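A closer look at the structure
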Amino acid sequence: MPSFHIEQFGCRATQADGAAIERQLREQGCSPVADVGAADVVVLNTCTVTASADAQARDAIRKIHAANPYTRIIVTGCYAQRAPEELACLPGVSCVVGNSHKSQIPALLQTVYPVAEPTISRAAAEFIEISQAPLHHSAPILTGNIFELTDVLVAPVLGGEGNHTRPTLKIQDGCNSRCSFCVIPFVRGKSRSLPPQTVIAEIQRLADSGFREIVLSGINLGTYGRDLAPRSDFLVLLRRILDETPVERLRISSIEPLDVTQDLIDLFASTERIARHFHMPLQSASDRILGAMHRWYRAEHYARRTELIQESLPDAAIGADVITGFPGETETDHETTLQFIEDRKFTYLHVFSYSPRPGTKAATLAGQIPGPIIKRRARELRALGEAKNAAFRYSQIGQTLHALTLHPSEDCATRGITPALTSNFLQVHLPVALPSNLFVATKIIGTSEKALLAESPVLAAVELLTAL
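Right, let's walk through the structure included here. These numbers come from a predicted model, not from an experiment.

A separate point is the pairing of strand E10 (residues 249-252). Neither face of E10 is open: one carries Arg249 and Arg251, the other Leu250 and Ile252, and all of them are buried. The sheet contact formed by strand E9 (residues 213-218) and E10 spans four bridges and is parallel. Within E10, the position partnered with Glu213 by the bridge is Arg249. One crossover worth recording links E9 to the parallel E10 by way of helix H9 (residues 234-244), and it is right-handed.

Moving on, we get to the packing of helix H13 (residues 331-342) against helix H14 (residues 371-395). Following both chains from N to C, one finds H13 and H14 inclined at 10°, their axes separated by 10 Å at the closest point. In terms of orientation, H13 lies roughly parallel with respect to H14. Across the interface between the two elements, Glu331, His334, Thr337, Leu338, Ile341 and Glu342 from H13 touch Ile373, Arg376, Arg377, Glu380, Leu381, Leu384 and Lys388 from H14. Taken together, the residues of the contact of H13 with H14 sort by class into five nonpolar, two polar and six charged.

The strand order around the closed barrel built from five strands is E14-E15-E16-E18-E17, with neighbouring strands paired in mixed fashion. Ignoring strand direction, the axes of neighbouring strands in this sheet form an average angle of 50°. Note: strand E16 (residues 427-430) against strand E18 (residues 452-454), two bridges, orientation parallel. In the sheet register, His429 faces E18, and the bridge partner there is Leu453.

Along strand E4 (residues 72-77), five of the six residues are buried, which leaves the element largely enclosed by surrounding structure. Across six bridges, the pairing between strand E3 (residues 41-46) and E4 is parallel. Across the sheet, Leu44 pairs through a bridge with Val75, a residue of E4. Note that the unit made of E3, helix H2 (residues 51-67) and E4 has a crossover that is right-handed. Of the pairings in the sheet, the one linking E4 to strand E5 (residues 93-98) comprises five bridges and is parallel in character.

What follows deals with the packing of aromatic side chains. In the structure shown here, the tally under the stated rule is seven aromatic pairs. For the ring pair Tyr297 and Tyr302, a centre distance of 6.2 Å and an interplane angle of 45° mean the geometry is tilted. For the pair Tyr297 and Tyr302, a shared accessibility class is recorded, and that class is buried. Between Tyr348 and Phe425, the aromatic rings sit 5.4 Å apart at their centres with planes inclined by 50°, giving tilted as the arrangement. Here Tyr348, found in strand E13 (residues 348-353), pairs with Phe425, found in the loop between strand E15 (418-422) and E16; they are 77 residues apart in sequence, far enough to count as distant. Note on Tyr348: relative accessible area 10%, which makes it buried. Here the aromatic cluster, defined as three or more aromatic residues joined through ring pairs, consists of Tyr297, Tyr302, Phe340 and Phe346. We note Arg178 situated over the ring of Phe186; from NZ or CZ to the ring centre the distance is 5.4 Å.

Looking now at empty space enclosed by the protein. Tallied over the full model, the rule gives two cavities of 30 Å³ or more. Size it by volume and the largest cavity reaches roughly 100 Å³. Asn99, Leu149, Leu153, Asp173 and Arg192 are, among the 14 residues lining the largest cavity, the residues nearest its centre. Residues that form the lining of the largest cavity fall into these classes: five nonpolar, three polar and six charged.

With that settled, consider the nonpolar core. Of all hydrophobic cores here, the largest spans 56 residues; its most connected members are Leu216 and Phe234. Per-element accounting of this core gives the leading share, six residues, to H9. Phe9, Tyr79, Ala80 and Ala88 belong to the second-largest nonpolar core, a separate cluster that totals 21 residues.

Under the 1.5 Å per step criterion, the end-to-end length of H2 is 25 Å for 17 residues, consistent within 8% with the ideal 24 Å. Among the residues of H2, Ala53, Asp54, Ala57, Ala60, Ile61 and Ile64 are the ones counted as buried. End-on view of H2: buried residues confined to an arc of 120°, all on one side of the axis. Within H2, the exposed residues directed more than 90 degrees away from the buried face are Ser52, Lys63, Ala66 and Ala67. Where the residues of H2 are buried, they touch E3, E4, helix H3 (78-82), helix H4 (84-88) and E5.

Analysis parameters
- Residues numbered from 1 in each chain as written.
- Predicted model: local features only at pLDDT ≥ 70, side-chain atom pairs only at ≥ 80, totals over all residues.
- Heavy atoms only, no water.
- Buried < 20%, exposed > 50% of the residue type's maximum accessible area, 1.4 Å probe, protein only.
- Helix = DSSP H or I, 4+ residues; strand = E, 2+ residues; numbered from the N terminus.
- Pairing = 2+ DSSP bridges.
- Right-handed = clockwise from strand over helix to strand, strands pointing away.
- Axes fitted to C-alpha atoms, helices over the stretch in contact; angles between N-to-C directions.
- Parallel < 35°, antiparallel > 145°, perpendicular 65-115°, else oblique.
- Contact = heavy atoms within 4.5 Å.
- Nonpolar A, V, L, I, M, F, W, Y, C, P; charged D, E, K, R; others polar.
- Phe/Tyr/Trp six-rings, centres within 6.5 Å; stacked < 30°, edge-to-face > 60°.
- Lys NZ or Arg CZ within 6 Å of the ring centre and 35° of its normal.
- 1 Å grid on protein atoms, 1.4 Å probe; cavity = no way out; pocket = protein on both sides within 12 Å on 5 of 7 lines; lining within 4 Å.
- Points joined across faces, edges and corners; volume = space filled by probe spheres on them.
- Core = buried A, V, L, I, M, F, W, Y, C linked by side-chain atoms within 4.5 Å.
- Expected span 1.5 Å × (residues − 1).
- Arc of directions from axis to C-beta.

Below, the structure is given as structure tokens:
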């Protein structure tokens, strides 16, 4: 069987798909390699949420092919589903596999490098026959109707942030909403959920392996369970996880504002086992722009959610996605968004410059904003987000916070500093070298440009034994 390398792009959902493919390839005997140039096969798992994401994928293909022309490059993911023909004509691409057939990739490789009789679809079998022929200027394409897809690729993402300390588990995929700027429903299909018993089993397995914080992710987490029979919901799932598994801390990656109910906030406030961290996409605070975006809420609805969170959890992190430069956005709309954010206790922002996506309604709207104006508005929003984060960090001075130690960067390790992450999504620099994956209690004594500064932490007896 071949060696392989998975090159990841995009969001947590895309990374989770890549982790599932890696698990399947390992199970059938393929060998992962860290060096992309040494791999027999490179699986390029793409994103297409912006034009720059597309460009990044094309650039990676060119570099991989130039470094090793004999490497088979399989391009999959959201870009592969949206525009497979664009990718198939690039030099070095062996085949293009859309999200609709992403789960077939291990079987495809098993056929090219056989160790046993594979079980694959008829479409995949026909695709293999084409892909084994000499490469021409256009690689074979395997895609289908994404809206017929019913499964969720499952495997926790163990790498990335925290360096294997905080795995991410995708429990929901797809989206039934039709925001006018978003291409994701057309490349990921309808909303579908991992069965609760599978979620519980995966979390139990992670907890048994020693992981202490687990991040739950999805394209639209608040819709979890609505497609299942019997029907379930996200709140019921969270309660089951708390009741049936020993996981010490859950973190929710992102949730739509209208899904942040009083019951959900009450659950967060009732236990230390759920991180006090809400990431709610805002996109704009102009009701006119929200309407044009086909968002289902208005600024007053979003504002009320932030008030409810602050009433029950005054130290919770509240983060938001904001899109600037949406077609027709005026300076007044932009100023409205800035003022809305200024008036509320946001703790960080993820700012996105609007990028027209083929096939979306917004791409056809009049009033496309010039690039320089978008860049200037994005700078202003990012500066405001940084100021909000600095103020939130400053407000934590004097507090004793519980944090999970992370694997240190090279710079931190050189300085004898251990980074740690608090429940309310702040990084703390501990002035002592400690192993990762320890919960510590530490008093905050100051801030730096990006992190909190703390005293030497207090370790519980069991943590002390681990550290020693």
